[in-house]
Amino acid sequence: MNAKVSAAGAKADIGRALRVGVIGAGVMGSNHARVLAGLPGVLLIGIVDPLPEHRTRAIDLVGCRAFESLDQLFAEGIDAVTIAAPTHLHHEIALACIARNIHILVEKPVASTVEEGREIVAAAERAGVTLMVGHVERFNPAVAAIKQAISGEDILSIGITRVGPFPPRMSNVGVVIDLAVHDIDLIRWFTESDIVEVQPQLSSAVAEREDIALLQFRTASGVLAHINTNWLTPFKARNVTVATRGKYVMGDLLTRQVTECFGFKPDGSYSMRHLPVGHDEPLRAELIAFLDAVRGGKLPAVSGDEGVASLEIAIRCLESPARPAASTMRKGPRRVAS
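My aim in this report is to walk through the structure given alongside it, one point at a time. (Residues numbered from 1 in each chain as written. Predicted model: local features only at pLDDT ≥ 70, side-chain atom pairs only at ≥ 80, totals over all residues. Heavy atoms only, no water.)

Side note on the sheet that holds strand E5 (residues 103-107)
Within the open sheet, the six strands sit side by side as E3-E2-E1-E4-E5-E6. Their pairing is parallel. The open sheet has two edge strands, strand E3 (66-67) and strand E6 (131-134), and neither has a second partner. Here strand E1 (residues 18-23) runs beside strand E2 (residues 42-48); their pairing, made up of six bridges, is parallel. Note that in E2 the partner of valine 20 across the bridge is leucine 44. Against the sheet, helix H2 (residues 27-37) contacts E1, E2, strand E4 (80-83) and E5, and its axis sits at roughly 160° relative to E2. (Pairing = 2+ DSSP bridges. Helix = DSSP H or I, 4+ residues; strand = E, 2+ residues; numbered from the N terminus. Contact = heavy atoms within 4.5 Å. Axes fitted to C-alpha atoms, helices over the stretch in contact; angles between N-to-C directions.)

Here's what the structure looks like:
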C-alpha cells in the first residue's frame with residue numbers, strides 16, 4: 001500500500017461521533033446508509049441523490065434526511081462520505097470531497113479510467129485524507145477464511161467463478177467491470193503479487209457489452225489464475241478454489257462454506273476438513289474498517305493504489321475486442337459427414 005495519510009489531516013476527534021454522509025441512493029447507497037445508521041460513534045447526516053424516487057426510498061428505508069445536491073450535504077458539516085454514485089461520477093465527486101478535506105470510501109471501481117483513479121489517489125495524498133476503495137468481497141467471512149488458510153503457503157493456482165442472471169439495473173458496463181474486478185482484486189490480495197500477464201476471452205451474447213468473460217492471468221510470483229464470469233447463468237454462483245503445494249482450498253462465497261484438503265499421500269488419499277467461517281455482514285465490516293482508518297489516521301484496508309491497480313487489469317482485459325457469441329456464428333445445425 002502506497003497511500004499516505006497524515007496524522008494531522010486524517011485522524012478524527014475520537015471523542016465525538018463522526019458525521020458521515022452517503023452519496024448515491026441506489027441499491028448500494030441505500031445499504032450504506034442502512035448500515036451507517038446503526039453503527040456506534042456515527043451520526044448519519046443524510047444521503048444525496050438527484051432523483052426524487054431514490055431519495056424517497058432512502059427516507060423510507062433508513063429514516064435519514066435526503067438531499068438533492070452535494071452542496072446541501074456539505075453545508076451540514078461532514079467528516080466522511082461513502083460514494084455509491086454511478087462510476088462515471090466518482091472522479092468529480094471524489095475530488096469535490098477531497099477539496100473540502102472530507103475522508104472518502106468510493107465504491108468499486110474507483111473511477112471510469114486509470115487516469116481518473118490516479119488523480120483521485122494523488123489528490124487524497126496531497127490533502128492528507130483517508131481514501132478507501134469499496135472492494136467489499138475482501139470482507140466476506142468466507143474470503144477471510146480462505147486468505148487465512150493459504151497464508152504462508154506456496155500458491156500454485158487460483159480459480160474463481162462468479163456468474164448469475166442479467167441484472168436489470170446494469171446499463172453502462174459489462175461483466176468485467178461489474179463482476180470480475182472483484183476477483184481481480186482477490187487474486188492480487190491472495191497472492192500479494194501484481195498481475196503481469198492477461199489473456200481475456202470475451203463475448204457479447206445478449207447484451208451490448210460483454211456478458212461472458214473467461215480471463216486468465218499470471219502474477220509476478222508465478223501463480224496462474226482464471227476467472228469465469230457471465231450474466232447468462234439463471235442462478236448466482238460465487239466459488240473460489242486455491243491450490244498450493246500443501247493443500248487445496250474450496251470456498252462458496254454465498255453459503256460461506258470453506259473446505260480444506262490436505263495431507264496428500266502417494267496412494268492418492270488425503271484428509272479434509274471444514275474451516276470455521278464468521279458471520280459478519282461484509283458491508284458492515286467494510287464500513288467499520290473505513291471509519292476506524294478515519295478515526296486513527298491509519299492506512300485503509302483497501303488503498304486507492306490497490307483500487308487503481310485492479311481497475312487497470314480489468315481495463316486491460318477489455319482491450320481485446322469481444323468475440324461474437326456462438327449463436328450468431330452458427331446460423332443452423334452443423335452438417336455431419338456420412
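Some remarks on the pairing of strand E9 (residues 212-219)
Of the two faces of E9, the one lined by Ala213, Leu215, Phe217 and Thr219 is fully buried and the one lined by Ile212, Leu214, Gln216 and Arg218 carries no buried residue. When strand E8 (residues 195-204) meets E9, the two strands line up antiparallel, connected through eight bridges. Following the sheet pairing, glutamine 201 is matched in E9 by leucine 214. Taken together, the seven bridges between E9 and strand E10 (residues 224-230) define a ladder with antiparallel strand orientation. Bridging across to E10, isoleucine 212 finds its partner in asparagine 230. (Buried < 20%, exposed > 50% of the residue type's maximum accessible area, 1.4 Å probe, protein only.)

Re the pattern of salt bridges
Applying the stated criterion across every chain yields a total of 17 salt bridges. We note a salt bridge from arginine 16 to aspartate 79, for which the minimum N-O separation is 2.8 Å. Of this pair, arginine 16 sits in the loop between helix H1 (7-10) and E1 while aspartate 79 sits in the loop between helix H4 (70-74) and E4, and the two are 63 residues apart along the sequence. Using a relative accessible area of 36% as the deciding quantity, one classes arginine 16 as partly exposed. Across the salt bridge formed by aspartate 292 and arginine 295, the nearest N and O atoms sit 3.8 Å from each other. Note that aspartate 292 and arginine 295 are positioned in helix H9 (residues 282-296) at a spacing of three residues, about one turn of the helix. (Salt bridge = Lys/Arg side-chain N within 4 Å of Asp/Glu carboxyl O.)

Observations regarding the packing of helix H7 (residues 141-149) against helix H8 (residues 175-191)
Direction vectors running N to C along H7 and H8 enclose 30°, while the axes themselves pass 10 Å from each other. The angle between the axes of H7 and H8 places the two elements in the roughly parallel class. Both H7 and H8 take part in a crossing whose hand is right-handed. Mapping the contact onto sequence places Val143, Ile146 and Lys147 in H7 and Leu186, Trp189 and Phe190 in H8. Of the residues contributing to the contact of H7 with H8, the split by class is five nonpolar, no polar and one charged. (Parallel < 35°, antiparallel > 145°, perpendicular 65-115°, else oblique. Left-handed = near helix turned anticlockwise from the far one by under 90°. Nonpolar A, V, L, I, M, F, W, Y, C, P; charged D, E, K, R; others polar.)

A few points about the packing of helix H5 (residues 90-99) against helix H6 (residues 114-127)
Two elements in contact, H5 and H6, have axes separated by 10 Å at closest approach and are oriented at 5°. Relative to H6, the element H5 is oriented roughly parallel. The residues of H6 that touch H5, namely those facing His90, His91, Ala94, Leu95 and Ile98, are Glu116, Glu119, Ile120, Ala123, Ala124 and Ala127.

Quick notes on the environment of asparagine 230
With respect to the helices and strands, asparagine 230 occurs in strand E10. Overall, the relative accessible area of 11% leaves asparagine 230 in the buried class. Here the alpha-carbon distance between asparagine 230 and glutamate 210, two residues 20 residues apart in the chain, equals 8.5 Å. What asparagine 230 contacts, discounting residues up to four positions off in sequence, is Arg162, Val163, Gly164, Val175, Leu179, Asp211 and Ile212. At 2.9 Å, the side chain of asparagine 230 forms a polar contact with the backbone nitrogen of leucine 232. (Polar contact = N/O pair within 3.5 Å; in protein donor to acceptor, adjacent residues only side chain to side chain.)

Points about the pairing of E6
Of the two faces of E6, the one holding Leu131 and Val133 and the one holding Met132 and Gly134 are both buried throughout. Following the chain from E5 across H6 to the adjacent parallel E6, one finds a crossover that is right-handed. (Right-handed = clockwise from strand over helix to strand, strands pointing away.)

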